[in-house]
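Here is how the chains run, residue by residue.
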Amino acid sequence: MHRNPPFHKHLSFYVLLGSFLTLLLWTYAVAQPSVKTDRGIYPVGATPTQPARGGVVTDPVFGTQVMRITDSTDGSSWCQTAYSYWPTFNSNNTKILAFCNAGTMIVDFDPVNFRLGSKFAAPSGVGSYEWGVKWSHNNPDFMYGVSGALIKRLSISSRTWTQLKDLSSRFPGQYLYQLSISNDDDIFAFTLKRNSDYAAVGYGVYKLSTDQVLYSAATTQLDEVQIDKSGRFLVVKTGAQGSGVVEVKVVDLQATPAPTVINLIDDAPDQAPGHSDNGSGVVVGHANYIDAITTRSLSNPHSFTVLIQDGTWTWLQSQHISTLADDGSWALISQYGSIANQPFNNEMWFIKTDGSGSVRRFAHHYSKYSDYNSTPRANVSLDGNYVAFTSNWGVAGGRLDLYVAKVPDAALPSPTPTPSPTPFPTPSPTPIPTPTPTPTPTPAPTITPSPTPSPSQTPTPSPSPSVTPAPGSPLFENIVGFTVGPPAQGLSKLTTPYSASADTAGQIVGDGWFSFKYNPTNQGVGIVVSLRDATNRYSIVNQQTSVEVRVNGAYRANFAKDLSKTLRIERSGGIIRILEDTVVRWTSQAGASTTPADFTISCGGDSSAAGMGISSVSMSSLAPIPVDIVGRIVTQSNRGLSSVTVRTVDSQGQPRLAKTNPFGYFRFLGMSVGTYTFDFLAKKGPILSVSRTVGVDESAFTVITPD
């Protein structure tokens with residue numbers, strides 16, 4: 001009789017076979033793209049072929065699908081997110097907000113089928129989309145924004161901005177900036193800036209439903225403020241850093257009998273959160289002195305929990321944090337800066353906020369760092385299923401575009417499923433209680449600056465070609481209220497009527513502006529006001545119902561004409577702006593007009609019809625705009641150099657000194673835009689000397705010195 005051999009004689013064979021299969025499966029799993037949960041090093045590798053607009057590519061390391069949202073048809077050189085805590089997605093992920101140099105766009109998005117739809121120019125009505133708007137948390141059709149001292153709401157379906165409240169009587173001579181809103185769309189927090197010189201003068205918190213200013217403070221020591229999701233806590237960033245320096249203030253708006261303020265210092269014992277974002281009653285942020293990402297309860301902000309720590313200052317410093325997702329158990333981190341052989345290098349990943357140290361690494365962003373704009377500044381959708389980010393797709397200094405990553409299911413536990421909408425829906429607005437606005441006198445026209453380029457929308461139709469009027473055609477009629485401020489020159493040719501054959505209306509030495517109103521008896525059709533420097537000519541062309549912006553005769557943007565508004569064209573710090581009262585309608589790229597030569601204001605040359613008339617013409621010089629110059633000196637391995645003396649000379653010829661903190665950062669406050677030489681001196685002598693041109697929109701730079 002045949003008998004099977006005893007089992008133990010096969011045991012070694014089964015063990016060997018099991019080991020082989022385990023090794024095979026492990027090798028297969030490692031080789032397959034997947035979400036990573038360890039602290040290993042996953043190099044970026046070769047950049048995948050860039051997809052077309054609406055196209056999808058799969059991250060070869062993590063297996064995540066990434067869609068390109070914008071291309072050169074949306075902006076000639078860049079499109080991007082606003083920031084890690086200003087949402088790109090509306091509340092149900094059916095709309096995407098994109099900021100491009102040709103104008104802000106709203107793009108239809110199908111989150112169920114991961115498909116891109118049509119796009120349209122964001123309606124005008126706010127001072128800046130990039131720094132002053134926020135999607136509603138509860139209604140996919142709504143967006144909130146500020147213009148001057150006005151709080152407004154946009155209905156996407158009607159494409160109309162509606163005024164909710166005028167706060168000019170509460171904050172006279174000031175405008176609202178850097179808006180944040182609680183999750184119930186009721187409590188608004190903002191920086192306050194002075195109309196006359198753009199300087200930060202304080203901050204405020206306003207409750208819409210009760211028409212009540214909950215809190216305000218006057219201070220010039222301010223970077224920004226952020227309300228938490230609950231609307232109870234305000235996180236104030238002072239903009240100051242250093243040992244023993246108060247970097248963050250936490251205001252409890254519901255404390256009794258009055259709001260309380262708790263100061264957090266930059267180093268021990270508080271380790272204040274620098275780059276950060278708020279959840280509901282919590283803040284997740286980076287602590288400079290321990291190089292760690294921390295979380296803390298805003299009701300007890302002196303205590304904190306370390307979520308992840310580097311301690312070597314090599315890879316955790318350069319990041320942005322987003323806690324926009326309703327599930328507050330995970331925070332999104334977008335890492336930037338090329339640090340070879342370090343974990344999380346140029347990745348987007350989630351960190352669990354319970355202190356367990358768990359991570360979910362799901363995509364590379366493929367943006368090579370060259371300046372601030374090239375950082376991804378990723379933000380997550382409310383349901384946690386999508387992440388929007390900026391990338392130059394592997395080309396340092398190259399074109400920037402907006403991308404969306406579809407977060408794999410494995411990246412977050414039990415993700416909230418996105419409801420299945422009708423493709424590209426137009427949601428119906430849900431009415432919310434709106435207090436009756438209190439009428440207030442219209443303030444005198446003032447300037448609302450655009451801290452980062454935020455140009456107006458670009459319509460689809462091509463503009464009609466310009467026609468130069470015959471010599472002698474009147475361009476100005478009934479000029480009234482003409483005023484000149486020094487150091488203006490050459491104004492004798494501003495006469496009535498103005499001859500189109502004479503191109504020069506006047507000159508202003510340095511920065512300045514030219515403004516006018518339409519004559520009340522006509523609409524000024526055909527009037528062209530141009531600002532010309534040694535390189536370019538920037539023109540306002542008045543059409544029947546709209547105003548066009550042209551550069552060297554080429555169409556750039558347009559906006560609806562309002563006869564009651566004052567138009568203004570200005571140059572400041574190398575940037576050209578077109579304003580209508582306090583609203584910035586178009587902004588050139590930084591450094592577009594940097595020639596030191598005087599510029600001229602002229603009329604004619606681009607006009608498409610005979611002039612009809614304008615009034616209230618004025619020309620003046622602009623006071624220098626103060627900026628804070630923030631920089632960092634690092635080695636080639638990205639190690640910050642501490643205790644280095646930085647020396648420069650300001651625009652008044654006065655020497656200015658600063659010293660770098662332990663991470664190589666330094667700051668000069670209240671400088672004018674311009675070109676400066678910075679000398680870096682260590683205890684052993686000079687390190688190097690560099691020259692930098694500092695503009696109003698970008699006052700930060702990094703200097704690299706050999707190891």
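Our subject is the structure that appears above.
Summary of the structure given here. (Residues numbered from 1 in each chain as written. Predicted model: local features only at pLDDT ≥ 70, side-chain atom pairs only at ≥ 80, totals over all residues. Heavy atoms only, no water.)

1. Quick look at the packing of aromatic side chains
Line of reasoning, step 1. For the coordinates displayed, the defined rule picks out 23 aromatic pairs.
Line of reasoning, step 2. Centroid distance F666 to F680: 5.7 Å. Interplanar angle 70 degrees. Geometry classified as edge-to-face. In this pair, F666 sits in strand β46 (residues 665-672) while F680 sits in strand β47 (residues 674-682), placing the two residues 14 residues apart along the sequence. For the pair F666 and F680, one class covers both residues: buried.
Line of reasoning, step 3. Ring pairs connect the aromatic residues F666, F668, Y676, F678 and F680, which therefore count as one cluster.
Line of reasoning, step 4. Just above the ring of F142 sits the side chain of R153; from NZ or CZ to the centre is 4.3 Å.
Line of reasoning, step 5. Sitting above the plane of the Y177 ring, K193 keeps its charged end 4.3 Å from the centroid. (Phe/Tyr/Trp six-rings, centres within 6.5 Å; stacked < 30°, edge-to-face > 60°. Helix = DSSP H or I, 4+ residues; strand = E, 2+ residues; numbered from the N terminus. Buried < 20%, exposed > 50% of the residue type's maximum accessible area, 1.4 Å probe, protein only. Lys NZ or Arg CZ within 6 Å of the ring centre and 35° of its normal.)

2. Side note on the pattern of salt bridges
Line of reasoning, step 1. Under the definition given, this model contains 14 salt bridges.
Line of reasoning, step 2. R361 is the salt-bridge partner of D38, the closest N and O atoms lying 3.6 Å from each other. Residue D38 is found in the loop between α1 (8-31) and β1 (56-58), and its partner R361 is found in strand β26 (residues 359-364); the two are separated by 323 residues along the sequence.
Line of reasoning, step 3. On the basis of relative accessibility, which here comes to 35%, the residue D38 falls in the partly exposed class.
Line of reasoning, step 4. Look at R361 and you get buried, because its relative accessible area is 0%.
Line of reasoning, step 5. Across the pair D211 and K165 runs a salt bridge whose closest N-O atoms are separated by 3.3 Å. Residue D211 is found in the loop between β13 (200-207) and β14 (212-218), and its partner K165 is found in strand β10 (residues 160-166); the two are separated by 46 residues along the sequence.
Line of reasoning, step 6. For D211, a relative accessible area of 25% puts it in the partly exposed group. (Salt bridge = Lys/Arg side-chain N within 4 Å of Asp/Glu carboxyl O.)

3. Looking at the pairing of strand β28 (residues 386-391)
Line of reasoning, step 1. Buried residues dominate β28, accounting for six of its six residues.
Line of reasoning, step 2. Side chains Y386, A388 and T390 project from β28 onto one buried face, and the interleaved V387, F389 and S391 project onto a second face that is buried too.
Line of reasoning, step 3. One ladder, built from two bridges, connects strand β27 (residues 379-380) with β28; its direction is antiparallel. Bridging across to β28, N379 finds its partner in A388. (Pairing = 2+ DSSP bridges.)

4. Notes on the environment of A331
Line of reasoning, step 1. Secondary-structure assignment places A331 in strand β24 (residues 330-335).
Line of reasoning, step 2. Residue A331 is classed as buried on the basis of its relative accessible area, which comes to 0%.
Line of reasoning, step 3. Residues A331 and G279, spaced 52 residues apart in sequence, show a C-alpha to C-alpha distance of 9.3 Å.
Line of reasoning, step 4. Leave out the neighbours within four places in its chain, and A331 touches V284, S322, T323, W349, F350, I351 and T353. (Contact = heavy atoms within 4.5 Å.)

5. Quick word on empty space enclosed by the protein
Summary: where empty space remains is shown by rolling a probe the size of a single water molecule over the atoms.
Line of reasoning, step 1. In this structure the tally under the stated criterion is five cavities of 30 Å³ or more.
Line of reasoning, step 2. In this structure, the largest cavity occupies an estimated 210 Å³ of space.
Line of reasoning, step 3. Together, 23 residues line the largest cavity, and Y85, K134, I181, N183 and L324 are the ones closest to its centre.
Line of reasoning, step 4. Counting residues per element, the ones that place at least two in the lining of the largest cavity are β7 (133-135), β11 (174-181), β15 (224-227) and β19 (273-278).
Line of reasoning, step 5. The element contributing the most residues to the lining of the largest cavity is β11, with three residues.
Line of reasoning, step 6. Among the residues forming the lining of the largest cavity, the class breakdown is 10 nonpolar, nine polar and four charged. (1 Å grid on protein atoms, 1.4 Å probe; cavity = no way out; pocket = protein on both sides within 12 Å on 5 of 7 lines; lining within 4 Å. Points joined across faces, edges and corners; volume = space filled by probe spheres on them. Nonpolar A, V, L, I, M, F, W, Y, C, P; charged D, E, K, R; others polar.)

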